[in-house]
Amino acid sequence: MANVDELGRIDAVAGDGDHGIGMEPGIVAAAETAVNMLERQAGAATLLQRAADAWADRAGGTSGAIGG
Ligand SMILES: [Mg+2]
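Quick summary incoming for the structure in this document. The model shown is predicted, which means the values in this text are computed figures rather than measured ones. (Residues numbered from 1 in each chain as written. Predicted model: local features only at pLDDT ≥ 70, side-chain atom pairs only at ≥ 80, totals over all residues. Heavy atoms only, no water.)

**Looking at helix α3 (residues 44-58)**
Quick reminder of the rule: The helix count covers DSSP runs of H or I at least four residues long, the strand count covers runs of E at least two residues long, and both are numbered beginning at the N terminus. One fewer than the residue count of a helix, multiplied by 1.5 Å, yields its expected span. Categorising residues by exposure relies on relative accessible area from a 1.4 Å probe, with only protein chains included: less than 20% of the type maximum marks a residue as buried, more than 50% marks it as exposed, and the intermediate range marks it as partly exposed. Taken from the helix axis, the directions to the C-beta atoms give the arc we talk about. Here, residues are in contact when the closest pair of their heavy atoms is within 4.5 Å.
For α3, built from 15 residues, the straight-helix expectation of 21 Å at 1.5 Å per residue is met to within 8% by its first-to-last C-alpha distance of 21 Å. Those residues of α3 that fall on the buried side of the exposure criterion are Leu47, Ala51, Ala54 and Trp55. Angularly, the buried residues of α3 cover 100 degrees about the axis, an arc narrow enough to put them on a single face. Opposite its buried face, α3 presents the exposed residues Ala45 and Asp57, each directed more than 90 degrees away. Contacts made by the buried residues of α3 are with α2 (19-39) and α4 (61-67).

What follows is the structure, encoded as structure tokens:
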């Protein structure tokens, strides 16, 4: 993901700098799931729900838990 380092840099101002690392797995999982759902011709609601679930399952850190 292109912005992992930048998210970490911003997080490091007031936190521990791991925000980018925590978000990357969730974003990758959401994108892969969305593509998979599109290929299966899922409707928009199903695609978004499954992608959100994938993100919540894989995103790390406090932001991952709160977002989930
Ligand atoms: Mg952190």
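After presenting the structure, the write-up continues.
**Considering the coordination of the magnesium ion**
Defined as follows: Metal donors were taken as nitrogen, oxygen and sulfur atoms no farther than 2.8 Å from the ion, or 3.2 Å where the ion is Na, K or Ca. Water is excluded, so coordination may look unfinished.
The magnesium ion binds to the protein through Asp16 (OD) and Asp18 (OD); the donor distances cover 2.0 to 2.1 Å. Taking relative accessible area as the criterion, Asp18 reaches 35% and is therefore assigned partly exposed.

**Remarks on the nonpolar core**
This is how it is decided: As used in this record, nonpolar core signifies buried Ala, Val, Leu, Ile, Met, Phe, Trp, Tyr and Cys residues forming a set joined through side-chain atoms within 4.5 Å.
In this structure, Met23, Ala30, Ala34, Met37, Leu47, Ala51, Trp55 and Ala59 together form the largest nonpolar core, which totals eight residues. For this core, the elements supplying multiple residues, two or more each, are α2 and α3. Tallying contributions element by element places α2 first for this core, with four residues.

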